[in-house]
Amino acid sequence: MSVLVVIAVAGLVAAAVLVVAWPFVSPDRGEGEPALTSHQIERIELLERRDALYASLRDLEQEARIGKVDAAEYEDERRRLRSEVAQTLGRLDALDSKHGSEQDETALPREG
Amino acid sequence: MAALGSVALILVFALAAYATVAAVLAARRRDRRLMRSASNAVLAAFAGCLLACFCLLVLLARHDFSIAVVAEHTSRQLPLRYRLAALWASQPGSLLLWLTVLCGAAALVVLQNRHRNRELMPWVVAVLGCLMTAFSGMSAFISPPFAKVVGAVPANGFGLDPALQNPYMTAHPPTLYMGYVTLAVPFAFAMAALVTGRTDARWLLAVRRWTLFSWMCLGLGMLLGAHWAYVEIGWGGYWGWDPVENAALMPWLAATAFLHSVMVQEKKGMLKVWNMVLVSGAFALSLFGTFLTRSGVVSSIHSFVQSDVGGYLLAMIAVVLVVSTALIIWRLPLLRSEHRLESVVSREATFLFNNLLLLALAFAVLWGVVFPILSEAVRGVRSTVSTPYYDFFLVVFGLPLLFLIGVGPMIAWRRASLGSLVRVFRWPALSALAAGALLALLGLGSSWAGLTAFSLCVFVAITIGLEFARGASARRALEGGSWPRALVGLIGRNRRRYGGYIVHLSIVLLVLGVTASSAYSSVAETTLRPGQSLHLAGYTLTYRHLAHSSNTNSTTTMAVLDARRGDSTLGQLTPGRRVYPVEQRVTNEVDIRSGLRGDLYTILEGVDPSGGGVTLKVLVNPMVSLIWLAGAVFLVGGLIAIWPDPREARQLARRYAAVLAREA
């Protein structure tokens, strides 16, 4: 093994150690999202469900517009989806009151 | 260089092991600095892999025959591009490439998620770190790419397998590897979701694009391999149900199933367990594919020599299956479906049937691959599973799958009425029946499977066309503008859906090409003397004379043939036999005249130097070009579907912000 290779290998090992140790010697910037509590996770899951239902309603509108579902199917499915949205929003409200929350978070997403 | 590469590999092993341990500790202690350190270790490991690859490439380029990989897979006569491609022609080199792609994917995941998925990431890094440790351990200690030759250093190497000296071989293996290896990312996220209990949509959003990427790479890799086989191997076909071809097909089928069933989970909250099983299964199958190529248990043009890594890979597959099964069982209460299947005539049911057929086909292929191995292990006799077995299951499961490609996008979610089914499917169904009748009248009824496949292709193509036409029409009604603008707007607003439809269109092209070329091909084999002709399927080939050419690496003897179709002259074809003196091998160099209607495929099977005659095998393969065209359409559709949608990320961020704001 030549001297050059020894130097290269030593440099390689030193660089690896430096990269791995850097977070312990550098200041913690504290970036990123914080960890969630079980209550927050449950709330996120309900919000996901709500958004999925809104997306289903939008798809249903589109499918009715292009004639993929007839009027009766459209009405039936729309009623069912809206009832599910109401149930999900109700569960969100119940979750909030259980945790003593006062704010309201039921706004429709604006994207379509 | 060899010493530096070896040290780099050992360093990768140490960094990967550290990343695994640090990530687990970071998850348990919720230690952010430790997590950043683990992430940095992943990035450093990737840099180490790149350095090791660079060292091996330099050794290959410099003809350093003191290194076994260089001596066994290159020669002084080999052109530079194939010397460099020898990196993945050797087992140690291919293992190094596997490791590099894995570390690259892990590094990209770390960079993508620096400020996201804080709860999942420690476990994602831990799982990827485990895999990196296993593969770097194999590469550094069991199958080292920088091992020296035993005994005296040869003056020249043994050369590269001539079949691998083809431009497609510079692209086919790396593309496939990317497909195999990146399936580790969805697997890692799935395991992280199970460990943390975060089985909501976040992990799905994180892995959907990675799965799509793996799936595209596997699909394109298989097509590149098929084209290589077609132009290089010289038997007239493009897919031989070789165990190693099958090894790539199986995870592709499982990933296809996942990409469809994930929509049901997103839309209906159903199939959560199934999706976990599919992600784990797809990754286990990708490891199985690696095992097949590297263990030497199957005889294939792709496989390497018998080696020790096979046992380690089998152990890894067992660990993946046991751990994922245990975690899924542990988290079953969290994976309950939010809805039940209400009708078998619904889009979710169609997706479920599609999944079952895809998995059934994958298992049929798996059995075909495994049976000879089991038969040899149990009875001591090696059986072979040949093409008719696979063709049978391809027809039995493939035709219903093709039908479902047409049905799925058109049928309503939850339940479809008879009236809507008639309204939606009358034109596609009538067109398919009319096409079938017309083709039968034209004399294509000799293969019922071929005729059915053609009819179903018409059915699917019409449904896709109607989807685009209706969508664009609705968009024009809402926003006005021209048809092309409405179409572009439609695809832009629903990239995933319409990208998917374009991929479906590529499957139609693929099926057309495969069906026509396999069910309706013509073949002739004869010996011709100068001036004599052969007639086949409207083509005439006249043998003129022999010709010779040579370069530093090989010498070729060619038969010069004049080709005509009817009264039109198609020019000359020169199929040949190439001798590679270093490798001591002779290969067929086929010559193909391609057209949209069909390929005229010529093989020189023998030369009679005394009589001046040549033995030729000639095939007319209809519509093969559609298979390669399907690859291009597949790529376009896949890229549209995979293109990031900022609305999704914004919606996710808004949900999190809303939840955190409430608690502030």
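Residues numbered from 1 in each chain as written. Chains lettered and ligands numbered in written order. Predicted model: local features only at pLDDT ≥ 70, side-chain atom pairs only at ≥ 80, totals over all residues. Heavy atoms only, no water.

Attention now goes to the interface of chain B and chain A. Between chain B and chain A, the residue contacts involve 64 residues of the former and 60 residues of the latter. In total, chain B and chain A occlude about 5,600 Å² of area from one another, counting both sides; carbon and sulfur atoms represent 51% of this. For the pair chain B and chain A, the number of links is four salt bridges. Among the salt bridges present, the one from Arg497 of chain B reaches Asp59 of chain A, with a minimum N-O distance of 3.6 Å. At the junction of chain B and chain A, the tally comes to nine residue pairs in polar contact (both at pLDDT 80 or more). Those elements that place two or more of their residues in the side of chain B that touches chain A are helix 1 (2–29), helix 2 (32–61), helix 9 (201–233), helix 10 (243–268), helix 15 (418–444), helix 16 (448–479), helix 18 (495–519) and helix 20 (646–663) of chain B. Considering every element that reaches the side of chain B that touches chain A, the biggest residue donor is helix 20 of chain B, with 12 residues. In terms of residue class, the side of chain B that touches chain A is made up of 25 nonpolar, 10 polar and 29 charged. (Contact = heavy atoms within 4.5 Å. Buried area = accessible area lost by both parts, 1.4 Å probe. Salt bridge = Lys/Arg side-chain N within 4 Å of Asp/Glu carboxyl O. Polar contact = N/O pair within 3.5 Å; in protein donor to acceptor, adjacent residues only side chain to side chain. Helix = DSSP H or I, 4+ residues; strand = E, 2+ residues; numbered from the N terminus. Nonpolar A, V, L, I, M, F, W, Y, C, P; charged D, E, K, R; others polar.)

What follows covers the packing of helix 9 of chain B against helix 10 of chain B. To describe two helices that pack against each other, one gives the angle between their axes and the distance between the axes. Residue and element names in this part refer to chain B. At a minimum axis separation of 9 Å, helix 9 and helix 10 run at an interaxial angle of 150 degrees. Here helix 9 and helix 10 pass one another in a crossing that is left-handed. Contacts between helix 9 and helix 10 involve Trp203, Leu204, Val207, Arg208, Thr211, Leu212, Trp215, Leu218, Gly219 and Met222 on the former and, on the latter, Glu245, Ala248, Leu249, Pro251, Trp252, Ala255, Thr256, Phe258, Leu259, Val262, Gln265 and Glu266. Class assignment for the residues of the contact of helix 9 with helix 10 results in 15 nonpolar, four polar and three charged. (Axes fitted to C-alpha atoms, helices over the stretch in contact; angles between N-to-C directions. Left-handed = near helix turned anticlockwise from the far one by under 90°.)

Okay, the sheet that holds strand 1 (residues 522–528) of chain B next. The pairing of strands in a sheet happens through backbone hydrogen bonds and is either parallel or antiparallel. Residue and element names in this part refer to chain B. Read across the sheet, four strands follow the order 1-10-9-8 without closing on themselves; strand pairing throughout is antiparallel. The sheet is open, and its two edges are formed by strand 1 and strand 8 (591–593), each paired on a single side. Going across the sheet, the axis of each strand differs from the next one's by a mean of 20 degrees, ignoring polarity. By the bridge criterion, 10 bridges tie strand 9 (residues 598–608) to strand 10 (residues 613–622) in an arrangement that is antiparallel. Across the sheet, the residue bridging to Asp599 is Asn621, located in strand 10. (Pairing = 2+ DSSP bridges.)

Next up on the list: the pairing of strand 4 (residues 555–565) of chain B. Residues and elements named next belong to chain B. Taken together, the 11 bridges between strand 3 (residues 539–550) and strand 4 define a ladder with antiparallel strand orientation. By the bridge assignment for strand 4, His545 is matched with Val560. Linking strand 3 to strand 4, which pair antiparallel, is a turn of four residues. In this sheet, strand 6 (residues 576–580) lies alongside strand 4 in antiparallel orientation, the contact comprising four bridges. What sits directly across from Thr556, in strand 6, is Arg578. Sheet analysis places strand 4 next to strand 5 (residues 568–573), joined by five bridges and oriented antiparallel. Bridging across to strand 5, Asp562 finds its partner in Gln572.

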